Every structure is written in C-alpha cells, then in structure tokens.
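Structural overview for review
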Amino acid sequence: MLHTRYQRAVAGALFTAGMTLSSAVFALTPPSTSYSFVGVTNTNAANVATGVAALSMEVIDLGGSQVAFTFTNNSMSSLTDVYFDDGTLLGFASAPQYSTGVDFSQYASPGNLPGGNTLSPSFTTTAGFSADSNPPASPNGVTSGEWLTITFTLQSMQTYASVINALSLPNGGGVGDLRVGLHVQSFANGGSESFVNVPDGISNPVPEADTYAMLLAGLGLVGFAARRKLS
C-alpha cells in the first residue's frame, strides 16, 4: 500500500511539473510571424534571387502595445537601410538594437526606399520610420549570422493583430497597409538592390521553444498515464 501511494505521488508530481513547465514556456515565448521579400529595383537578376532567398523579417508581439521587427540576412551581402511605409498604425520607434558587427541609427539616407517610386502605389517612407547602418555602411550592415531589431509602440487602439493584418496588404499596398522596404548593398558583383515585404506571413506561436515545450508536455502526459494506471 505504501509503495502504491509513493508511485501515485511521483506520478502526480510528474504530471503537475510537466504541465506547469509547459505552460510557462508557452507563456514566456511571444507570438511572432515571419515574412519574406520580393525585389523592387531588379537591377541584377542574380542579386535579386540572392536577396529573396536570404532576407527575412520576424514580427514579434512584445505585449504592452509594443511590436518588434527583427531582420536577418542569410548571405554575404549587407542590409544597410530599413524603411517603413505606414498609415496610422505605428507610433514611437525605439533606437535600433543589433548583434555584434552591426551598427545602426534611426533615419536612413536616402530618405526613401531606392526604387520605391516604381511600386504601385509608390512606396512613401513615413517620417522618422527608417534606419541606416552607420559609416562605413556595408561593414556595419546586417550580413550572415547577424540581426537588427526595431521596436515600435503602437498608436492608441492598435494591436499586434492590427499589425499582422496591415502586413497582409489587404489594400494592395494602399492606405491602411504596412509595407517594409530594405536596401541591400555589396552583392557579389558589388551591386545593390531594394526589396519590399510580401503578404506571406507564417505564424509562429512558439517560434523557438516548441520542441522544449513538447518534451515538457510529454512529461506531464507520462505522469497522467501513470496516475490512470494506478487509480
């Protein structure tokens, strides 16, 4: 009888620990959505193909009306400028954050996405919503293994869901949509290209801890099964 009680106690502890830790992992990992890009300037087909394959943007819900945009570039080219064409969604932008080897400041030069006027409707950078790598531009830009994050506090009544909806470009890039433009330099042939996000967001409710959470949930299920067997 004592042995059975001990087994039940252990099973109960496993179940409680597994479910509690699983819940904690899911709670601590913010929802995010990933986006890819398409070429705007199309000066060189090989460079555009490289950029399309390498560039990525992850939009992360930080809570408290804050949304982070994290950019990566899985190539040896250099992401040097970021531009936001926004309606009435984004509010205050914090100073850019970045990995070692990257150095960015608010306000890009040139002030608008190169080639953005060829889009329909034209890409118009919202005043103050841009960032630029500091001189020397290409060495301080985002290359393979590096990242750049720009965080916005949303305007009143706007939410993470509002951002995701605007990024889906329901108006074809028109009023109310959110477009993000990137200028990339130092491709293999020395050229540069511009890119803009496409509405192909892939939701990642648990982007980094999914495997860990599944293992913890499994621990809880083992405890649950043990409890049933002993009951």
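Residues numbered from 1 in each chain as written. Predicted model: local features only at pLDDT ≥ 70, side-chain atom pairs only at ≥ 80, totals over all residues. Heavy atoms only, no water.

1. Considering the pattern of salt bridges
Here the structure, examined in full by the defined rule, presents one salt bridge. Note that Arg-179 and Asp-85 form a salt bridge whose closest N and O atoms lie 2.9 Å from each other. In this pair, Arg-179 sits in strand β11 (residues 179–185) while Asp-85 sits in strand β5 (residues 78–85), placing the two residues 94 residues apart along the sequence. Here the two residues Arg-179 and Asp-85 agree in accessibility, since each one is buried. (Salt bridge = Lys/Arg side-chain N within 4 Å of Asp/Glu carboxyl O. Helix = DSSP H or I, 4+ residues; strand = E, 2+ residues; numbered from the N terminus. Buried < 20%, exposed > 50% of the residue type's maximum accessible area, 1.4 Å probe, protein only.)

2. What about the pairing of strand β10 (residues 147–154)?
Within β10, six of the eight residues are buried, which leaves the element mostly enclosed by the surrounding structure. Relative to β10, strand β4 (residues 66–73) is paired through seven bridges, and the arrangement is antiparallel. Note that in β10 the partner of Thr-72 across the bridge is Trp-147. Looking at chain direction, strand β6 (residues 90–93) and β10 are connected through two bridges and run antiparallel. Its bridge partner lying in β10, Leu-90 is registered against Leu-154. As judged from the two bridges shared by strand β7 (residues 97–98) and β10, these two strands associate in the antiparallel manner. Looking across to β10, one finds that Gln-97 is bridged to Thr-149. (Pairing = 2+ DSSP bridges.)

3. A word on the side chain of Ser-99
Mapped onto the elements, Ser-99 comes out in the loop between β7 and β8 (104–106). In this structure, Ser-99 is in contact with Glu-146 and Trp-147, ignoring residues within four places of it in sequence. (Contact = heavy atoms within 4.5 Å.)

4. Comments concerning the confidence of the model for the chain
Of all residues in the chain, 76% have pLDDT values of 70 or greater, and the mean over the chain is 84. Contacts for the low-pLDDT stretch residues 207–217, under 50 throughout, to residues beyond four places or in other chains number 17 contacts. Between residues 219–228, whose pLDDT stays under 50, and residues either more than four places distant or in other chains, the model counts 14 contacts. (pLDDT = per-residue confidence, 0-100.)

5. Some details on the pairing of β4
Most of β4 sits inside the fold, with six of its eight residues counted as buried. Between strand β3 (residues 55–63) and β4, which pair antiparallel and follow one another directly, the connecting turn spans two residues, one of which, Gly-64, has a positive phi of 60°.

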